[in-house]
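One-letter residues, chain by chain:
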Amino acid sequence: IGDGSDIGPGCVIGKSAVLGKDCKLYDRVVVRERCILGNKVVIQPGAVIGSDGFGFLLNNETGRYETVDQVGIVEIGDCVDIGANTTIDRAMMGSTIVRKNAKLDNLVQIGHNVEVGESDFLCAQVGIAGSTKVGAHSIFAGQVGVAGHIELPDNCVFGAQSGVSGNIRKPGMYQGSPAIDAMN
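Calculation criteria
Residues numbered from 1 in each chain as written. Predicted model: local features only at pLDDT ≥ 70, side-chain atom pairs only at ≥ 80, totals over all residues. Heavy atoms only, no water. pLDDT = per-residue confidence, 0-100. Helix = DSSP H or I, 4+ residues; strand = E, 2+ residues; numbered from the N terminus. Contact = heavy atoms within 4.5 Å. Pairing = 2+ DSSP bridges.

Engineer: Go over the confidence of the model for the protein with me, naming the residues and quoting the values.
Structural biologist: Per-residue confidence for the protein averages 97 on the pLDDT scale, and 100% of its residues sit at or above 70. The secondary structure element of the protein with the lowest average pLDDT is strand β27 (residues 180-181), at 94, and the one with the highest is strand β7 (residues 42-43), at 99.

Engineer: Mind laying out the environment of I7, listing which residues take part and the relevant values?
Structural biologist: Tracing the sequence through the fold places I7 in strand β1 (residues 6-7). For the pair I7 and D181, spaced 174 residues apart in sequence, the C-alpha to C-alpha distance is 43 Å. Apart from residues no more than four positions distant in its own chain, I7 is found in contact with I1, L19 and L25.

Engineer: Could you give me a rundown of the sheet that holds strand β13 (residues 87-89), with the residues and numbers involved?
Structural biologist: Judged by pairing direction, the sheet is parallel, and its 8 strands sit side by side in the order β2-β5-β8-β13-β16-β19-β22-β25 without closing on themselves. The two strands at the open ends of the sheet, each matched to only one other strand, are β2 (12-13) and β25 (163-164). In terms of strand pairing, β13 meets strand β16 (residues 109-110) through 2 bridges, oriented parallel. Residue I88 lies in a different strand from β16, and its bridge partner there is I110.

Structural data, given as structure tokens:
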């Protein structure tokens, strides 16, 4: 835990987790084992960093879903703000990454192995499914849903309740479900 960091009541810091300097964790924040926070990270009450990703495989013999171990981590860059009750899943392998200066509102869900770009702005109830890569300087208005395993470029704006179901190739403003170029 870095110098000047402030850990609120009821927080849980997992084994071998790293917090940089001047971090502020409000009440009941969980930073699970081996996750890494940069400097000046602010996390509002009830957020969970490093929860297990939604990893299951169907066992054809039993007809039941079985858990796939999530052995990766979460890496949070410097000067990131994370809202109340936001969850950021640990990677299945490797890292889920939130790059420096990103701002995540309350009730945001970041899936396993997602990469959130530098200075991205995610409003309330945004959900990004696993293994998606988001470019820098993008804005996601409230309740935007993003499918997994896709790539989004820098400098995109997604209107409220948009559904991003596939790769976006160029910067711009997108709206609707599926999200389409709002300028055409």
